Amino acid sequence: MLQGKTVILGVSGGIAVYKAVELLRLLTKAGATVHVIMTKNAQEFVTPLTFQTLSGNPVHTDLFSLFQEREIGHISLAERADLFILAPATANLVGKIAHGLADDLLTTSVMATKAAVLVAPAMNTNMYENPFYQQNEKMLVQQGYHLLEPVAGELACGWEGKGKLPAPETILAAAEAVLTPKDLFGCNLLVTAGPTREEIDPVRYLTNYSSGKMGFAIAAAAGQRGATVTLVSGPANLSVPVGVKCVPVFSAEQMRTAVLEHYPEADVVIKAAAVADYRPVHRLENKIKKNSDELTLKLEKNPDILAELGAQKGGRVLIGFAAETERLLVHAAEKLQKKNLDMIVANDVTSEGAGFDVDTNIVRFLFRDGRVKELDLMSKEQVAHQLLNQVVVLWRAKQP
Ligand code: CTP
């Protein structure tokens, strides 16, 4: 979402300025062109040179700088922006904006912009709780500004409490969310992700190479697009996207229980999990000892969760994944029919840049009417958005 976008990062003076440096790095990594405006006090904490070096653009500090005005006037900078981020935003900055004061370059530019403004405040707990501050914050929200809540913890002034700037990753996710069209607003979306673990004994289990990255990317993108997202995930070493409700599970049986529990209220289900097809018939109470040269494990079939959902589909949109190593389209088309799906995402997990535990994927979308849409190699985030573009069409078509 940030690719090709122009972002103004407004930095005001607080100890959290150092986190704005990391935020700038994340924004440019995501493909945004970033122009930084610093207040006089912000420059007491970090020099403009740091922001200039990382953004590749001159840092704006002075309302009356003849050079900066000639190069790029502050009004035209404010006009060009797709997004304005204030991080950290001090109580003073929030107060000035709320009351329409424009006495330096940053406040003047905020006033002049028509872009969305994301405010990430950071301050002492008492200041944050001060009724004047709270009133000012409310005024910003009423005017359509996007406010991020500060987090609780140990503050630089030695206090414990709410007032810390959220992590740069959280601000980045919020920035992406602000820029994303809310075309899934009103949609209850259930996503599954990750592998399942089928226990053999207290120290061993059967599983697969799934990392959960694809399912988590779908959950994050759907949340940004306004959906109410429930993510049922097998063990995955990933952070839960902001605003997503996560239900952690281990085995296929637990995944089935969790999915069926959330199925009644779901409008769309996307099953990106790599469910183990078989489980040991008996889970042994004690660790298996290596007493014999050979060991045979007796396995039984796990329930096919997606097929079960397909059998009681109603007016929902149901989407599956087909991870294949050969005859990709044939196998995927079979699963689409057999499980009563609206669409299946087929990926050949043996091709380079696709499949488990990588950040990219190469997929094809197969639809019930026989259409096949091929996508190039792209990041899992991009695949997620492409997939959700299809979900929007399928979901709208089913609405009365
Ligand atoms: N799936 C499921 N429950 C299972 C197995 C698979 O819900 N017990 C879902 C997966 O989440 C995926 C789709 O079914 O969306 C296809 O999964 P895949 O592993 O590719 O195929 P299987 O149906 O398991 O068939 P096979 O292993 O024979 O390829």
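Worth saying up front: this structure is predicted, and the values here are computed from it rather than measured.

What counts, and where the lines are drawn
- Residues numbered from 1 in each chain as written.
- Predicted model: local features only at pLDDT ≥ 70, side-chain atom pairs only at ≥ 80, totals over all residues.
- Heavy atoms only, no water.
- Helix = DSSP H or I, 4+ residues; strand = E, 2+ residues; numbered from the N terminus.
- Buried < 20%, exposed > 50% of the residue type's maximum accessible area, 1.4 Å probe, protein only.
- Contact = heavy atoms within 4.5 Å.
- Areas by Shrake-Rupley, 256 points an atom, 1.4 Å probe, with all protein chains shown as cover.
- Lys, Arg positive; Asp, Glu negative; His and termini not counted.
- Charge placed at Lys NZ, Arg CZ, Asp CG, Glu CD.
- Near = heavy atom within 4 Å.
- Polar contact = N/O pair within 3.5 Å; in protein donor to acceptor, adjacent residues only side chain to side chain.
- Patch = residues over 30% accessible without salt bridge, like charges linked within 9 Å, V, L, I, M, F, W, Y side chains within 5 Å.
- Salt bridge = Lys/Arg side-chain N within 4 Å of Asp/Glu carboxyl O.
- Phe/Tyr/Trp six-rings, centres within 6.5 Å; stacked < 30°, edge-to-face > 60°.
- Lys NZ or Arg CZ within 6 Å of the ring centre and 35° of its normal.
- Pairing = 2+ DSSP bridges.
- Axes fitted to C-alpha atoms, helices over the stretch in contact; angles between N-to-C directions.
- Core = buried A, V, L, I, M, F, W, Y, C linked by side-chain atoms within 4.5 Å.

J.: Could you clarify how one ought to interpret the overall build of the protein chain in this entry?
T.: The helix and strand tally for the protein chain stands at 14 helices and 21 strands. Seen along its three principal axes, the alpha-carbon backbone of the protein chain occupies a region of about 80 × 50 × 40 Å. Taking all 400 residues of the protein chain together, 50% fall into the buried category. If you take every contact in the protein chain between residues at least 6 apart in sequence, the share linking residues at least 24 apart comes to 66%. Summing over all exposed atoms, the protein chain offers an accessible surface of approximately 19800 Å²; the carbon and sulfur share of this is 52%. If you average the places of the 40 positive and of the 43 negative side-chain charges in the protein chain, the two averages end up 4 Å apart.

J.: How do you make sense of the site of the ligand when you look at a structure like this?
T.: Of all residues adjacent to the ligand, which total 14 residues, the nearest are Lys271, Ala273, Asp277, Lys335 and Lys339. One of the backbone nitrogen or oxygen atoms of Pro303 is found 2.9 Å away from a nitrogen atom of the ligand. Residue Leu306 places a main-chain N or O atom 2.9 Å away from an oxygen atom belonging to the ligand. Within the residue set of the shell around the ligand, elements represented by two or more residues are helix H12 (305-311) and strand E16 (317-324).

J.: What should I look at first to understand a nonpolar patch on the surface in this one?
T.: Together, Tyr278, Leu295, Leu297 and Leu299 make up an exposed nonpolar region whose accessible area comes to about 380 Å². With respect to the helices and strands, Leu299 occurs in strand E15 (residues 299-301). Exposure remark for Leu299: the relative accessible area of 39% places this residue in the partly exposed category.

J.: Explanation requested: the packing of aromatic side chains in the structure shown.
T.: The geometry of two aromatic rings is summed up by the distance between their centres and the angle between their planes. Tallied over the full model, the rule gives one aromatic pair. With centroids separated by 5.6 Å and ring planes inclined at 45°, the aromatic side chains of Tyr128 and Tyr133 adopt a geometry described as tilted. According to the relative accessible area criterion, Tyr128 is buried, its value standing at 7%. Here Tyr133 falls in the buried class, since its relative accessible area comes to 4%. Over the ring of Tyr263 we find Arg316; its NZ or CZ atom is 4.0 Å from the centre of that ring. The ring of Phe367 carries the charged tip of Arg371 above its face, separated from the ring centre by 4.1 Å.

J.: I would appreciate a short explanation of the sheet that holds strand E19 (residues 364-367) in the present structure.
T.: Think of a sheet as strands paired side by side through backbone hydrogen bonds, with each pair either parallel or antiparallel. Read across the open sheet, the eight strands follow the order E12-E11-E8-E13-E16-E17-E19-E20; overall the sheet is mixed. Edge positions in the open sheet fall to strand E12 (245-248) and strand E20 (372-374), since each of these has one partner strand only. Strand-to-strand twist in this sheet, taken as the mean axis angle between neighbours without regard to direction, amounts to 15°. In terms of strand pairing, strand E8 (residues 188-193) meets strand E13 (residues 268-271) through four bridges, oriented parallel. Within E13, the residue paired with Leu189 across the bridge is Val268. Contacting E8, E13, E16, strand E17 (343-348), E19 and E20, helix H14 (residues 380-398) crosses the sheet at an angle of about 145° to E16.

J.: For this particular structure, what's the right way to read the nonpolar core?
T.: As a rule of thumb, nonpolar side chains are buried together in soluble globular proteins. One finds Leu184, Leu189, Ile218, Ile270 and Leu387 to be the most contacted residues of the largest nonpolar core, which totals 37 residues. Put simply, the parts of the chain that give this core at least two residues each are E8, helix H10 (213-224), strand E11 (228-233), E13, E16, E17, E19 and H14. Ranked by the residues each element gives to this core, the list is headed by H14, at eight residues. Among residues more than four places away in sequence, those in contact with Leu387 are Ile218, Ile270, Ile319, Phe321, Met343, Val345 and Phe365.

J.: Please clarify how the environment of Asn389 should be interpreted in this entry.
T.: Tracing the chain through its elements places Asn389 in helix H14. Under the relative-accessibility criterion, Asn389 is labelled partly exposed at 35%. Considered as a pair, Asn389 and Ala167 are 222 residues apart in the sequence and their alpha carbons are 29 Å apart. Reaching out from Asn389, the side chain makes a polar contact with the side chain of Arg225 at a distance of 2.6 Å.

J.: Whenever I open this one, helix H6 (residues 105-112) confuses me. Can you help?
T.: For an α-helix, 3.6 residues make a turn, and residues three or four places apart therefore share a direction. The buried count for H6 comes to six of eight residues, which makes it a mostly enclosed element. For H6, the complete set of buried residues consists of Leu105, Leu106, Thr107, Thr108, Ser109 and Val110.

J.: What exactly am I supposed to notice about the pattern of salt bridges here?
T.: Side chains that differ in sign of charge can pair as their charged atoms come close. Taken as a whole and judged by the stated rule, the model has 18 salt bridges. Between Glu22 and Arg25 there is a salt bridge, with its nearest N and O atoms 3.0 Å apart. In this pair, Glu22 and Arg25 are both assigned in helix H1 (residues 17-29), three residues apart and thus about one turn of the helix distant. For Lys339, the salt bridge goes to Asp304, with nearest N and O atoms at 2.8 Å. Of this pair, Lys339 sits in the loop between helix H13 (328-338) and E17 while Asp304 sits in the loop between E15 and H12, and the two are 35 residues apart along the sequence. Overall, Asp304 belongs to the partly exposed group, its relative accessible area being 36%. Taken together, the shared-partner salt bridges in this structure form one network comprising Glu253, Arg256, Arg279, Glu300 and Glu308.

So, to be careful, I would describe these as geometric facts and stop short of saying anything about function.
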